[in-house]
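Listed below, chain by chain, are the residues.
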Amino acid sequence: MNFIRYPGGKQRLLNYIIPLLPSREQIKGRFIEPFVGSGAVFFALNPKCALLADINPELIDLYRGIRHSPSKVWEIYKSFPKTKKAYYEIRAIKVNRKDLAFKAARTLYLNRTCFKGMWRHNSNGEFNVGYGGQDRRWVISLETLKEVSNRLKHVVLKCSDCEQTINESKEGDFIFADPPYRPGERELFNSHYIYGKFCFSGYQRLAEALKKASNRNVKWMLTISSHPDILSIFYGYKIVPIPKGTGRKLGILTNNSGEVIVFNYNMEEI
Ligand SMILES: C[S@@+](CC[C@H](N)C(=O)[O-])C[C@H]1O[C@@H](n2cnc3c(N)ncnc32)[C@H](O)[C@@H]1O
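Residues numbered from 1 in each chain as written. Predicted model: local features only at pLDDT ≥ 70, side-chain atom pairs only at ≥ 80, totals over all residues. Heavy atoms only, no water.

1. Section: helix α6 (residues 100-113)
At step 1: Between its first and last C-alpha, α6 extends 20 Å over 14 residues, near the 20 Å set by a 1.5 Å rise per residue.
At step 2: Most of α6 sits inside the fold, with 12 of its 14 residues counted as buried.
At step 3: Three or more residues of α6 are buried, namely Ala 101, Lys 103, Ala 104, Ala 105, Arg 106, Thr 107, Leu 108, Tyr 109, Leu 110, Asn 111, Arg 112 and Thr 113.
At step 4: Those residues of α6 that are buried are in contact with α3 (57-68), α4 (70-79), α5 (84-92) and α7 (142-151). (Helix = DSSP H or I, 4+ residues; strand = E, 2+ residues; numbered from the N terminus. Expected span 1.5 Å × (residues − 1). Buried < 20%, exposed > 50% of the residue type's maximum accessible area, 1.4 Å probe, protein only. Contact = heavy atoms within 4.5 Å.)

Written out as structure tokens, the structure is:
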């Protein structure tokens, strides 16, 4: 269910991630994603009950708009013209916070027609990615949006910081956390995630919140860069490297680091 393009999306790593996760039947509480992005893992796992959160308000409004009115979002999306000039006009529109369907359609349109699906904003919080073309626009359909809407029916959607989301977890819940990569590696985070300037202190906060979740018997999985500074924060948990060369692109461009999966449980215990 790849309905948006997303920097750092986990679609290409699902073959490594899914076998290490509990199944939807094994998750007794909620499946929680504090950094949901395009929700690649959520859509692949299809949990019975979920809490999806991200710090990006446009992203959460996109999910809310599609959940509430997929057909209306599709009609507006379809009506946007296909020229480069129109792209810049639609990008310049100031959206009314209450007009959820229009906001969702505009975000979807910008995501599917901007350059490489980037999600970058200027200092005023205005989306400022250039035009990328129409090639990726019609690979989704009304059926795609209806399916997304159905999958979100019993999901709690929140625009919030990861720490707050993780602190809400209780025994029986399962957390899948996929924070932005460390700056200097594959995703130059400043240009991809205006809402998530995730520095080293962000990883420290994340590790602390996950440690407290472990103390409450919450099981969790984290995907992360294997940079030694970051790995040192998660020392003591189970760590599985993701082979380099996985998928079309490597997770990280620097030669001395790759991506790893970190988790706090034994598969037999689940
Ligand atoms: C690597 S992406 C997640 C990709 C997602 N797993 C997928 O498959 O598409 C990281 C996400 O974290 C979000 N983010 C950054 N800082 C955050 C924070 N402090 N709290 C919550 N979300 C944050 C970004 O907006 C972005 O959507």
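2. What about the pairing of strand β5 (residues 219-225)?
At step 1: Most of β5 is tucked away, with six of its seven residues classed as buried.
At step 2: Strand direction decides the pairing type here: strand β4 (residues 174-177) and β5, joined by four bridges, are parallel. Bridge pairing in β5 links Ile 175 to Trp 220.
At step 3: Where β5 and strand β7 (residues 259-263) come together, five bridges link them in antiparallel fashion. When the sheet's bridge partners are listed, Ile 224 is paired in β7 with Val 260. (Pairing = 2+ DSSP bridges.)

3. Let's talk about the confidence of the model for the chain
At step 1: With 89% of its residues at a pLDDT of 70 or more, the chain shows a mean pLDDT of 88.
At step 2: In this model residues 184-194 is a low-confidence stretch, pLDDT under 50, and it forms 40 contacts with partners more than four residues away in sequence or in other chains.
At step 3: Confidence over residues 246-257 falls short of pLDDT 50; this stretch has 29 contacts with residues more than four positions distant or in other chains. (pLDDT = per-residue confidence, 0-100.)

4. What to know about the packing of aromatic side chains
At step 1: If you walk through the whole model with that rule in mind, you get 15 aromatic pairs.
At step 2: A ring pair is formed by Tyr 87 and Tyr 88, whose centres lie 5.1 Å apart and whose planes are at 85 degrees; its orientation type is edge-to-face.
At step 3: Residues Phe 263 and Tyr 265 carry aromatic rings whose centres are separated by 5.1 Å and whose planes lie at 50 degrees to one another, so their mutual orientation is tilted.
At step 4: With a relative accessible area of 1%, Tyr 265 lands in the buried category.
At step 5: A cation over an aromatic ring shows up here: Arg 137 above the ring of Tyr 77, its NZ or CZ 5.3 Å from the ring centre. (Phe/Tyr/Trp six-rings, centres within 6.5 Å; stacked < 30°, edge-to-face > 60°. Lys NZ or Arg CZ within 6 Å of the ring centre and 35° of its normal.)

5. Examining the packing of α4 against α6
At step 1: Contact geometry of α4 with α6 gives a least axis separation of 8 Å together with a crossing angle of 50 degrees. Classified by the interaxial angle, the pair formed by α4 and α6 is oblique. Between α4 and α6 lies a crossing of right-handed hand. On the side of α4, the interface is formed by Lys 72, Val 73, Ile 76 and Tyr 77, while α6 contributes Ala 101, Phe 102, Ala 104, Ala 105, Leu 108, Tyr 109 and Arg 112. (Axes fitted to C-alpha atoms, helices over the stretch in contact; angles between N-to-C directions. Parallel < 35°, antiparallel > 145°, perpendicular 65-115°, else oblique. Left-handed = near helix turned anticlockwise from the far one by under 90°.)

6. Structural notes on the sheet that holds strand β3 (residues 155-159)
At step 1: With mixed pairing, seven strands are arranged side by side in an open sheet as β3-β2-β1-β4-β5-β7-β6. The sheet is open, and its two edges are formed by β3 and β6 (238-242), each paired on a single side. Pairs of neighbouring strands in the sheet enclose a mean axial angle of 15 degrees, with direction left out of account.
At step 2: In the sheet, β6 pairs with β7 via five bridges, with the strands oriented antiparallel.

7. Brief notes about the site of the ligand
At step 1: The environment of the ligand is made up of 23 residues, and the closest members are Tyr 6, Ser 38, Asp 54, Asp 161 and Asp 178.
At step 2: A distance of 3.3 Å separates a nitrogen atom of the ligand from a polar backbone atom of Ile 55.
At step 3: At a separation of 2.6 Å, a nitrogen atom of the ligand approaches a polar side-chain atom of Asp 178.
At step 4: Relative to its unbound accessible area of 600 Å², the ligand is 98% covered by the protein chains. (Near = heavy atom within 4 Å. Polar contact = N/O pair within 3.5 Å; in protein donor to acceptor, adjacent residues only side chain to side chain. Areas by Shrake-Rupley, 256 points an atom, 1.4 Å probe, with all protein chains shown as cover.)

8. Examining the environment of Pro 179
At step 1: Of note, Pro 179 is situated in the loop between β4 and α9 (189-192).
At step 2: Note on Pro 179: relative accessible area 3%, which makes it buried.
At step 3: Distance in space between the C-alpha atoms of Pro 179 and Ile 224 is 7.0 Å, their sequence separation being 45 residues.
At step 4: Look past the residues within four positions of Pro 179 in its chain and what remains in contact with it is Phe 35, Phe 198, Tyr 203, Leu 206, Leu 222 and Thr 223.

9. Section: the environment of Ala 177
At step 1: Position of Ala 177 among the secondary structure elements: in strand β4.
At step 2: You can call Ala 177 buried: its relative accessible area is 0%.
At step 3: Put simply, Ala 177 and Phe 263 are 86 residues apart on the chain and 10.0 Å apart in space, counted from C-alpha to C-alpha.
At step 4: Once residues lying within four places of it in the same chain are set aside, the contact partners of Ala 177 are Pro 34, Phe 35, Met 221, Leu 222 and Thr 223.

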